[in-house]
Amino acid sequence: METIGRSPRRGFIARVAGAVAALSAGRALSPALAAAQPANDSGWIAEVPGKSRCFFDCPQHANGMGLLHILNYLGAYPAGQAGVVSSFYSVGPASSIAMGFNDAMWAKYGLGEVLGLKDGSGKPYTRNVFATMSRDDAHLLAQRAGIPPSIALLGQAAPALSIPSLQKMGTKFLVCNNALGLWTLELEARGKGKADAIGADLRANLLPGVTIVPAMVRAIEQAHAAGFSYNRQ
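Keep in mind it's a predicted model, so treat the numbers as computed, not measured.

The rules behind these values
- Residues numbered from 1 in each chain as written.
- Predicted model: local features only at pLDDT ≥ 70, side-chain atom pairs only at ≥ 80, totals over all residues.
- Heavy atoms only, no water.
- Helix = DSSP H or I, 4+ residues; strand = E, 2+ residues; numbered from the N terminus.
- Buried < 20%, exposed > 50% of the residue type's maximum accessible area, 1.4 Å probe, protein only.
- Contact = heavy atoms within 4.5 Å.
- Areas by Shrake-Rupley, 256 points an atom, 1.4 Å probe, with all protein chains shown as cover.
- Arc of directions from axis to C-beta.
- Salt bridge = Lys/Arg side-chain N within 4 Å of Asp/Glu carboxyl O.
- Core = buried A, V, L, I, M, F, W, Y, C linked by side-chain atoms within 4.5 Å.
- Phe/Tyr/Trp six-rings, centres within 6.5 Å; stacked < 30°, edge-to-face > 60°.

Caption draft 1: Highlighting the overall build of the chain. Looking only at helices and strands, the chain features 11 helices and five strands. Relative to its full complement of 233 residues, the chain shows a buried share of 49%. Taking as baseline every contact in the chain between residues at least 6 positions apart, the subset at least 24 positions apart corresponds to 71%. Just so you have it, the chain exposes about 10,900 Å², and 56% of that area is on carbon and sulfur atoms.

Laid out in C-alpha cells, this is it:
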C-alpha cells in the first residue's frame, strides 16, 4: 500500500495531491492509518439483515435527509425483511463523516460549527444531533427540504430516524478510513489540534455499532458483489 509524506522532496503540493488521490484510489494517508485498517474488511456484510438489502451512499449529511430516506426504505417492508448499509465519508462542511462519532467529539472539536448545523436557538450543535434527534431538531429537515418547519409530521418522524433507531431497524453504518485521514488534516487546518491526535481520538469515540472500512469505494463494490441494491443520496 502506497503512503505519502516519506520524503522531504515531496513538497506541499505533492502532499495535497496524494491526499486527494487517496479518496479515489484507496491509498492510505500515512503508515499509521494503513496499520489501522482491519485485515477482514467485509465482515460488516453479515451484520446487515433481510432478503432485500440496499447500500445508501451518503457522502453529505444533508441535514439528515439521507436518514429519512433510509427510514422510508425500511418502512416499505415488513419488519426483518429489509436491511441497509449507509456510508459516512467525504470532507468539508457538507460531509457526512462527523455523523459517525459521539457527542464528546462534537463538543470537543466543535463539529456542529464546522458543519454549519444549528439548533432551534441558532447555536451550533455541541452534540451529534443525528444520534439523538428529537422533535426540536426537525427544523433541520425542513430547512433542507425548503418547507415550513411547523409541519407536524417532521417532528413526529425525527426520533425514528436517529442513528440508534435505524440501527435497531436493520441499518449498518460505515466510516471511510481514507476520508477520515484527510478529515483529520482538515480539522488540524481549522485549528482543532494535531491530525494524529485527532485521528486517535475519533477512532476511540465512534458511535456504538459504527465500523471503519479501508475505502468506501471498496465497500460499495463489496456490497454490489453481495447482491445489495444501490441508492445514491
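Caption draft 2: Structural detail: helix α10 (residues 195-203). Those residues of α10 lying buried are Ala 195, Ile 198, Gly 199, Asp 201 and Leu 202. Looking down the long axis of α10, one finds its buried residues gathered within 165 degrees of arc, a one-sided arrangement. The elements touched by buried residues of α10 are α4 (103-108) and α9 (177-189).

Caption draft 3: Representation of the pattern of salt bridges. Considering all chains together, one arrives at six salt bridges under this definition. One salt bridge connects Asp 41 with Arg 218, and the closest N-O pair in it is separated by 2.9 Å. Here Arg 218 lies in helix α11 (residues 216-225) and Asp 41 lies in the loop between α2 (31-36) and β1 (52-57), a separation of 177 residues in the sequence. Residue classification places Arg 218 among the partly exposed positions, given a relative accessible area of 43%. Here Asp 137 ties to Arg 127 by a salt bridge, and the two come within 3.0 Å at their closest N and O atoms. Of this pair, Asp 137 sits in the loop between α5 (111-115) and α6 (139-145) while Arg 127 sits in the loop between α5 and α6, placing them 10 residues apart in sequence. We classify Arg 127 as partly exposed; its relative accessible area is 25%.

Caption draft 4: Summary view of the nonpolar core. Trp 44, Trp 106, Phe 130 and Trp 183 are the most contacted members of the largest nonpolar core, which totals 63 residues. Here the element with the most residues in this core is helix α3 (residues 65-75); it accounts for seven residues. Filtering out sequence-adjacent residues up to four positions away, Phe 130 remains in contact with His 61, Asn 63, Gly 64, Leu 67, Met 99, Trp 106, Leu 117, Ser 162 and Ile 163.

Caption draft 5: Molecular detail of unusual backbone geometry. The backbone phi angle of Ala 62 is positive, close to 50 degrees, even though this residue is not glycine. As for its placement among the helices and strands, Ala 62 is situated in the loop between β1 and α3. According to the relative accessible area criterion, Ala 62 is buried, its value standing at 12%. You will see that Ser 90, though not glycine, has its phi angle at about 75 degrees, which is positive. Here Ser 90 lies in the loop between β2 (82-88) and α4.

Caption draft 6: Structural context of the packing of aromatic side chains. Taken as a whole, this structure holds seven aromatic pairs when the rule is applied. Judged by centre distance (5.9 Å) and plane angle (25 degrees), the ring pair of Phe 101 and Trp 183 falls under stacked. In this pair, Phe 101 is assigned in the loop between β2 and α4 and Trp 183 in helix α9, connecting sequence segments 82 residues apart. Comparing Phe 101 with Trp 183 shows no difference in burial state: the two are buried. Between Trp 106 and Phe 130 the ring centres are 6.3 Å apart and the planes differ by 70 degrees, which places this aromatic pair in the edge-to-face class. Here the residue Trp 106 occupies a position in helix α4, and Phe 130 occupies one in the loop between α5 and α6, the gap between them amounting to 24 residues.

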